[in-house]
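Coordinate analysis (summary)
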Amino acid sequence: MYVGALSLDILLGDVRSLKQKRSVVRPIVAELQRKFAVSVAETGNQDLHRRTQIGVAVVSSTAAHCVEVMDSCERLVAGHPEIELLSARQRLFNHEEE
């Protein structure tokens, strides 16, 4: 069993309030969940209205599939014109690690 963790640091476009931020972030989170069947949450910068961090978790039987899903999630988020993906960090864990 492999677990992949993807952390996406995002700069939001013309957002002036936390309410506007939610209206941008929630559809992205929902789209990731729907398209890739992954666990997704806003994991950082929740009190800032122009920045956010989204965390994605993937569980798979192969490392290659985990990496493929995380890459697809990263491409989907990077393709949104209303945001700028500042960085993406991937980490892969397996059941043999301690």
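Placed above this text is the structure.
A brief structural summary. Quantities reported herein were computed from a predicted structural model and do not represent experimental measurements. (Residues numbered from 1 in each chain as written. Predicted model: local features only at pLDDT ≥ 70, side-chain atom pairs only at ≥ 80, totals over all residues. Heavy atoms only, no water.)

Within the open sheet, the four strands sit side by side as β2-β3-β1-β4. Their pairing is antiparallel. Strands at the two margins of the open sheet, each flanked by one partner only, are β2 (39-44) and β4 (83-94). Ignoring strand direction, the axes of neighbouring strands in this sheet form an average angle of 20 degrees. Across 10 bridges, the pairing between strand β1 (residues 2-12) and strand β3 (residues 51-60) is antiparallel. (Pairing = 2+ DSSP bridges. Helix = DSSP H or I, 4+ residues; strand = E, 2+ residues; numbered from the N terminus. Axes fitted to C-alpha atoms, helices over the stretch in contact; angles between N-to-C directions.)

With that out of the way, let us pick up the pairing of β1. Relative to β4, β1 runs antiparallel, the two being bridged by 11 bridges. If you follow Val-3 over to β4, its bridge partner there is Phe-93.

In a regular helix each residue adds 1.5 Å, so 19 residues correspond to 27 Å; helix α1 (residues 18-36) covers 27 Å between its end C-alpha atoms and thus fits that length. When α1 is considered as a whole, its buried residues turn out to be Lys-21, Val-24, Val-25, Ile-28, Val-29, Glu-31 and Leu-32. Residues of α1 that are buried in the fold lie against β1, β2, β3, α2 (63-78) and β4. Looking one or two residues beyond α1, the residue adopting positive phi is Ala-37, at roughly 50 degrees. (Expected span 1.5 Å × (residues − 1). Buried < 20%, exposed > 50% of the residue type's maximum accessible area, 1.4 Å probe, protein only. Contact = heavy atoms within 4.5 Å.)

By size, the foremost hydrophobic cluster in this structure holds 22 residues, and its most contacted members are Leu-32, Ile-54, Val-56 and Val-77. When residues of this core are traced back to their parent elements, those giving at least two are β1, α1, β3 and α2. Take this core: its biggest share by element is six residues, from α2. (Core = buried A, V, L, I, M, F, W, Y, C linked by side-chain atoms within 4.5 Å.)

Residue placement: Gln-46 occurs in the loop between β2 and β3. C-alpha of Gln-46 to C-alpha of Gly-13: the two residues are 33 residues apart in sequence and 16 Å apart in space. When residues no more than four places from it in sequence are discounted, the contact partners of Gln-46 are Leu-18 and Lys-21.

Everything listed here is a matter of geometry and, on its own, says nothing about what the molecule does.
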